[in-house]
Structure formats: C-alpha cells, structure tokens
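Each chain, letter by letter, is given below.
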Amino acid sequence: MTGLLAAFAGLCAAGGVFVLVGAVRGVEFGGRDDRPPSRIQIMLRSSAWPGPRNRLLGATGGGLAVLLLSRWPVAALAVGAGAYALPPMLSGRAPRRRIARLEALAQWSRRLAEMIGASRGLEQALADSARVAPDVIREPVGLLAGRLNNHANTDQALRAFADQLDDPIADLIACALLLATRRRGPGTRDALRLLADAVEHEVIVRRDVEAERAGLRTTLIVIVASVGALSVLFASSQTLADPYDTPLGQTVLAVVAAIYAAGLWWMRRLAVLSTGTRFLHTARPMATAEQGTGQ
C-alpha cells in the first residue's frame, strides 16, 4: 500500500511540475472540442484564465503529492499556495507585456490621429485603424472595428475596447475618443498626439524601473530556491521531521510558513510598479448592446 501511495504521489508531483512549467511559459492545455462549451468552460477558456488555471492545477498536484508523502496538511497547503502564487512573482513577463501594450497604444493613437483628418469621421477612422494597428493590440482594435462596422453603439464599443485592454492608460485614450464622439470638435487629433507623447514617456519610465527591479526578482528566485532545497533536506531527515507529526508541530510549521509568506509578499510589493486604477467601465454588456442595435 505504501508503494502505491508513493507511486501516486510521484505521478502527482510530476504532473504538478509539468503544469507549473506550462503556466510559467503561458501554455494553454486542452484540445479542441466540437461540442458547444458550457458557461464554466467559456470562463476557463477566456484569455484571462489560462495562466491562473494552469497554476491552480499545478498547485493542486503539488499539494496532493506533499500531503501523501509527508502527511503534513500545513506543508501541503504551503506548497499549493506557493505553486499558485510564485510563478507571477518570479516572472517578469507580465510587466514586459504591459509595457509592450502601452507602446503599441501610443503608436496606434498617433496613427489614428493621422487618419482622422483624411477620413469621413471618427468612427470610420477607428474602423480603418484595424489595418495599421500594432500586433500587440491588433485583436482588441479589430474587435472594435468589427463592432463599429456592424453599426454598434460607439460609446459601448469604446468602453468594451477599454475593458478588453484593462489598463488605466487605455482608459485615458478611450475617454478621449468618447469625448470626441460627443463633441465632434477639431481638437481630437491634437489630443491623441498629446496622449501618444505622454504614453511614450510612460513607457520609457516603466522600462527604466523594470530594469532596476529585475535584480530584486533574481533575489526572490534565489531565496525561493534556497528555502525549497532546505525544506526538502529537512523533511528527508527523520530526526528533524518527527516533531512536526504532532498538532503542535503543525502549528509551529504554520507559523514558520506564514513568516516566509509575509516576507515574500513584502518583497513582491517592492518589485511591483503601481499602474493606478481604471475609471472607465462598460455600462452594460456589449452583447446586449449589439443585440439591441440589431433589432
């Protein structure tokens, strides 16, 4: 029986490592299915869910493996929580993607300002801008253009565009375009050019900050690897590990894990650049708006 549990724990650990690596690399698991997806499947397959879902699977597999091998529930919870929370903490991909998206927004705003003067109107310029949008934001701009070509409400289309980008800087650009659709004044091009200049300056500042904070992320990686290696050596020693089989030992282990978690959280706060909060949100679902327009 012990051999079967060890084999199952090994399979869980291997699966957890495999899924965790996939989560860090941004791989989305799962094949195609011709059946209509359920609401839960739609939510899990959305663009915002592959990373958290893969980390959740890795955390579950790692936690089960530790629970079966050590019989320590606190250690299983700590490993599961670490497997879920550590990949975004140790990876700099999210800040780099945000910076690349801001740079693309600046380029798109400048091109849109040039197109407004040669177009029949703002809506037509927005629809035509999908052809010249940078690759990073081509999908949201294409959806915006498609909604406008289908005669959707411009206000709702721009709000949905801002929701998809999910960035305060994108809210500023969408807000400027919303004001332009209501006032139809001649200052839209100048406002977009000024916004593009401001966003380009923001990109420069964020790149400098991220270059400095990359060293702090390296320190985090060294700390996590050292703590993990020491924990494995500690748990493999029967003399040192036996006291933690008792409820009191599990309580002490929970306190130690909480101290480590608090330290990592504090270091993470030092390594994260605040980007502000969004202020522009969709008043009602875009699908409802498009259905109302079609009727």
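As named in an unreviewed UniProt entry, the protein chain is Type II secretion system F family protein, taken from Actinomadura chokoriensis. In its Subcellular location (unreviewed entry) section, the UniProt entry covering the protein chain states "Cell membrane".

A. Up close: the packing of helix α8 (residues 154-165) against helix α9 (residues 168-183). Between α8 and α9, the shortest axis-to-axis distance is 9 Å and the interhelical angle comes to 175°. It follows from the interaxial angle that α8 and α9 lie roughly antiparallel. On α9, the residues that touch T154, D155, L158, R159, A162 and L165 of α8 are A170, D171, A174, L177, L178, T181 and R182. Split by residue class, the contact of α8 with α9 holds seven nonpolar, two polar and four charged.

B. Inspection of the nonpolar core at higher detail. By size, the foremost hydrophobic cluster in this structure holds 35 residues, and its most contacted members are L105, W108, L112, L126, I137, L144 and L177. Contributions of two or more residues to this core are made by α5 (93-118), α6 (122-128), α7 (138-149), α8, α9 and α10 (188-236). For this core, the element with the most residues is α5, which contributes nine residues. Residues W72, V74, A241 and L253 belong to the second largest nonpolar core, which totals six residues.

Conventions we followed
Each residue is numbered by its place in its chain's sequence as written, counting from 1. Predicted model: local features are reported for residues with pLDDT of at least 70 only, side-chain atom pairs are reported and counted for 80 or more only, and whole-chain, interface and lining totals are derived from all residues. Note that water and hydrogens are dropped before the side-chain values are worked out from all heavy atoms of the structure. UniProt positions are given in the numbering used here, feature names are shortened, and annotations may be inferred rather than shown by experiment. An axis is simply a line fitted to the C-alpha atoms; with a helix, the fit covers only the stretch in contact. Between two such axes, the angle follows the N-to-C directions and lies from 0 to 180 degrees. Helix and strand labels come from DSSP, where a helix needs a run of H or I of at least four residues and a strand needs a run of E of at least two; each type is numbered from the N terminus. For classification, angles of less than 35 degrees are called roughly parallel, those exceeding 145 degrees roughly antiparallel, those between 65 and 115 degrees roughly perpendicular, and all remaining angles oblique. Contacts are residue-level and defined by heavy atoms, with any inter-residue pair within 4.5 Å sufficient. Gly falls in the polar group here, along with every residue not listed as nonpolar (Ala, Val, Leu, Ile, Met, Phe, Trp, Tyr, Cys, Pro) or charged (Asp, Glu, Lys, Arg). Definition used in this section: a nonpolar core is a set of buried Ala, Val, Leu, Ile, Met, Phe, Trp, Tyr and Cys residues joined via side-chain atoms within 4.5 Å. Throughout this description, buried means an accessible area under 20% of the type-specific maximum (1.4 Å probe, protein chains only), exposed means over 50%, and partly exposed covers the range between.

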